[in-house]
Amino acid sequence: MPYQDNPENKNFYKLFLITFALAILAYGFALSNFTVSIDNEAPIFPDFGMSFGRWGQNLIRYHLFAGFLQYFTLLLSLFLFSLSAVKLSALFKFNNYTSYFFCALFVTFPQLSYQLVFSIMADVAGIGFLLSVISVELFLKGIQANSLIKKILLLIAVPLLLMFTLSIYQAFVLVPITIFVILFFIKTFEDTFELIPEIKKTLLFIGIVVLSILFYSISVKLICPPIEKSEYLSSFVSGNSENIFSNFLSLCKNHLKGTSYYGEKLYILIPLLFALLLPNLFINKKYFVYRILILFFLSISPFIISFFITNGYHPPRLYLTSNLIFAFGISLFIDRFKISSQNIVKTLVTLIVIINIYFVTNLFYSVNKIYKHDKKIAEKIDSIIQSKYPNFSVGDKTVYFYGYFNYDYHQKFRLENSEIFGGSFFSWDNGNNYRIINFIKEADVADYKMLESKEKLSIIKDSITNMKVWPDYDSVKMIDNVVVVKLGKEKGAPLYFE
């Protein structure tokens, strides 16, 4: 049985163990340092993710894991992504050192950090990616099956599996599509490649993806509560819709140069290596144009989702296939030129992996410094409250945070373009009380209650104007049994009832 179809082969386990060990090395700092970052402060409720149609995410995050667990959640995610890398290497038929190169580049490319920093999503994302890989494997086995019954069962299983994958995170629809496009590209180099049968296979795969989207839409209607228009989702398309195409080209240009977010710098290797591959692609003139078009598509495919975003906010976590394209592009170049055994190539790939690990470590180190700084501020606030109002701890402990810190308050800890890694709870969302109070509780500083009454807010708001601003001692004041902490002069994010 071929290597790629035999998970019991010792090479499979050796490759997996080395990949997993490398992933642990890359995320060693994140694994060993407790950190509460943006979006990881919120408690997981029974309806978690349901308003977004993510019933699969709810099933895993709330019902299966009952929340998330520091260290374990990230470790499990690294395990799942490592397994995905090894399976992909087998699908793409990379052998020897090229398979190790691919897996190492896949698990260390820093874009993955922007997914893994979300503890509420980390292992769920790993499951989604792995299921995407398995769905393509099942499709290929279904196509090749000799038994009609087996063929039908496998081809029915694929849209059902993809339906569940979409219920975890809708953007995962891009992952199996990207994998299939890569496989189509690889097949053009095979002597047995025939264009018409492959196009028919592609159309069948497209049909299955469309069917999975239909199944998912039906499942949302059946499983999720009635979903009203989400402010979160609609905000992504709330900006200026003019010049969408030119804006997308500009964004792609920045990504191809590796300047859009911290840690992306080495992505510039992909367009450069694809350009150097052009003479090699011309060996078989018959499919030269197809190969060029596919490589061009692959180089920008991770960012296609940004074409539909018009508000100017393009978080790196959306680019789910960046590490896949990065790893494939470099491995393809090595494989096509048959240079995987040369020491200089091993040295250069090792250098790339080390640089990736540097970026990953620096990202988690910076967010950890911001967390520690935020925690010190929270401890100081609680200390002042206990000092000024010693009986506060036996009351209802309602605290209202007015205003927010200027973004540059934590600037000395931030990395340029690090997005979520540069977020402080006292400035993110302009001082969101829900985030701040949950953070203070999650950091084990204090357990406060949010201000939950419009009437109570109307009573205290006039007294806030003349208060001092933090860090002044008088920036903390009790007004009608509500402790007000004035973080800034301007009012921050509105409370849920405003």
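Summarised in this report is the structure supplied together with it. What you see is a predicted model, and the numbers here were worked out from it, not measured in a lab.

### Considerations on the overall build of the protein chain
Counting its secondary structure elements, the protein chain contains 18 helices and three strands. Relative to the 2.2 N^0.38 estimate, which gives 23 Å for 498 residues, the radius of gyration of the protein chain is 25 Å and therefore close to what a compact globule would have. With respect to the three principal axes, the spread of C-alpha positions in the protein chain is 80 × 50 × 50 Å. With 498 residues in all, the protein chain has 54% of them scored as buried. Long-range pairs, those at least 24 residues apart, make up 77% of the contacts in the protein chain with a sequence separation of at least 6.

### What about the side chain of Asn323?
Among the secondary structure elements, Asn323 is positioned in helix α15 (residues 322–336). A residue is classified by how much of its surface remains accessible, and Asn323, at 0% relative accessible area, is buried. Here Phe106 takes part through its backbone oxygen, which lies 3.2 Å from a polar atom of the side chain of Asn323.

### Observations concerning the environment of Ala23
Within the secondary structure, Ala23 sits in helix α1 (residues 10–26). Distance in space between the C-alpha atoms of Ala23 and Ser77 is 9.9 Å, their sequence separation being 54 residues. Dropping the residues within four chain positions of it, Ala23 is found in contact with Leu78, Ser82 and Val107.

### Some thoughts on the nonpolar core
Counting residues in hydrophobic clusters, the biggest one holds 168 residues, and the most contacted among them are Phe92 and Phe401. Top element by residues in this core is helix α16 (residues 343–388). It accounts for 16 residues.

### Section: the packing of aromatic side chains
Enumeration over the complete set of coordinates arrives at 45 aromatic pairs. For the pair Tyr114 and Phe421, a centre-to-centre distance of 5.1 Å together with 90° between the ring planes defines the contact as edge-to-face. Note that Tyr114 is positioned in helix α6 (residues 113–116) and Phe421 in the loop between β1 (399–402) and α17 (433–442), a separation of 307 residues in sequence. Take Tyr114 and Phe421: they sit in the same class, and that class is buried. Summarising the aromatic geometry, the rings of Phe185 and Phe328 are spaced 6.4 Å apart at their centres and angled 85° between planes, so their arrangement reads as edge-to-face. Of this pair, Phe185 sits in helix α9 (residues 174–187) while Phe328 sits in helix α15; the two residues are 143 residues apart in sequence, bridging distant segments of the chain. Both residues of the pair, Phe185 and Phe328, count as buried. These aromatic residues form a ring-pair network of at least three members: Phe81, Phe92, Phe94, Phe102, Phe106, Phe129, Phe185, Phe189 and Phe328. For Arg414, the ring lying beneath its charged end belongs to Tyr407, and the centroid distance is 3.7 Å.

### Section: the sheet that holds strand β3 (residues 482–486)
Here three strands make up an open sheet; going across it, the order is β1-β3-β2 and the pairing mixed. Because the sheet does not close on itself, it has two edges, and the strands there are β1 and β2 (476–479). Between one strand axis and the next, the sheet turns by 25° as a mean value, whatever way the strands run. Both β1 and β3 contribute to a ladder of four bridges, which runs parallel. By the bridge assignment for β3, Val399 is matched with Val483. On the sheet, α16 packs against β1, β2 and β3 and is oriented at approximately 50° with respect to β2.

### As for the side chain of Asn438
Turning to its location among the elements, Asn438 is positioned in helix α17. With relative accessibility at 14%, the residue Asn438 sits in the buried group. Leaving out residues up to four positions away in the same chain, Asn438 has contacts with Glu41, Ala42 and Pro43.

### Side note on the environment of Leu154
Inspection of the secondary structure puts Leu154 in helix α8 (residues 148–168). Leu154 sits 12 residues away from Gly142 along the chain, and the two C-alpha atoms are 5.0 Å apart. Each residue touching Leu154, except ones within four places of it in the same chain, is listed here: Leu138, Lys141 and Gly142.

### Describing unusual backbone geometry
Along the chain, Trp470 connects to Pro471 via a cis peptide bond; the corresponding omega equals 20°. Locating Pro471 in the fold gives a position in the loop between α18 (454–464) and β2. The phi dihedral of Lys93 is positive, around 60°, even though this residue is not glycine. For Lys93, the location among the structural elements is in the loop between α4 (72–91) and α5 (96–108).

### Points about helix α3 (residues 55–64)
Buried residues of α3: Trp55, Gly56, Gln57, Asn58, Ile60 and Arg61, and no others. Where α3 is buried, its residues touch α4, α7 (122–144), α8 and α10 (195–223). Downstream of α3 by a residue or two, Ala66 has a phi angle that is positive, lying close to 55°.

### Description of the pattern of salt bridges
If charged atoms from side chains of opposite charge come close, those side chains can pair. For the coordinates displayed, the defined rule picks out 12 salt bridges. Measuring nitrogen to oxygen at the nearest pair gives 2.8 Å for the salt bridge that ties Arg435 to Asp39. One end of the pair, Arg435, is in helix α17; the other, Asp39, is in the loop between α2 (28–32) and α3, with 396 residues separating them in the sequence. Given a relative accessible area of 23%, Asp39 falls into the partly exposed group. Lys93 is the salt-bridge partner of Glu190, the closest N and O atoms lying 3.3 Å from each other. One end of the pair, Glu190, is in the loop between α9 and α10; the other, Lys93, is in the loop between α4 and α5, and 97 residues separate them in sequence. Judged by its relative accessible area of 42%, Lys93 is partly exposed.

The rules behind each value
- Residues numbered from 1 in each chain as written.
- Predicted model: local features only at pLDDT ≥ 70, side-chain atom pairs only at ≥ 80, totals over all residues.
- Heavy atoms only, no water.
- Helix = DSSP H or I, 4+ residues; strand = E, 2+ residues; numbered from the N terminus.
- Rg over C-alpha atoms; globule rule 2.2 N^0.38 Å.
- Buried < 20%, exposed > 50% of the residue type's maximum accessible area, 1.4 Å probe, protein only.
- Contact = heavy atoms within 4.5 Å.
- Polar contact = N/O pair within 3.5 Å; in protein donor to acceptor, adjacent residues only side chain to side chain.
- Core = buried A, V, L, I, M, F, W, Y, C linked by side-chain atoms within 4.5 Å.
- Phe/Tyr/Trp six-rings, centres within 6.5 Å; stacked < 30°, edge-to-face > 60°.
- Lys NZ or Arg CZ within 6 Å of the ring centre and 35° of its normal.
- Pairing = 2+ DSSP bridges.
- Axes fitted to C-alpha atoms, helices over the stretch in contact; angles between N-to-C directions.
- Salt bridge = Lys/Arg side-chain N within 4 Å of Asp/Glu carboxyl O.

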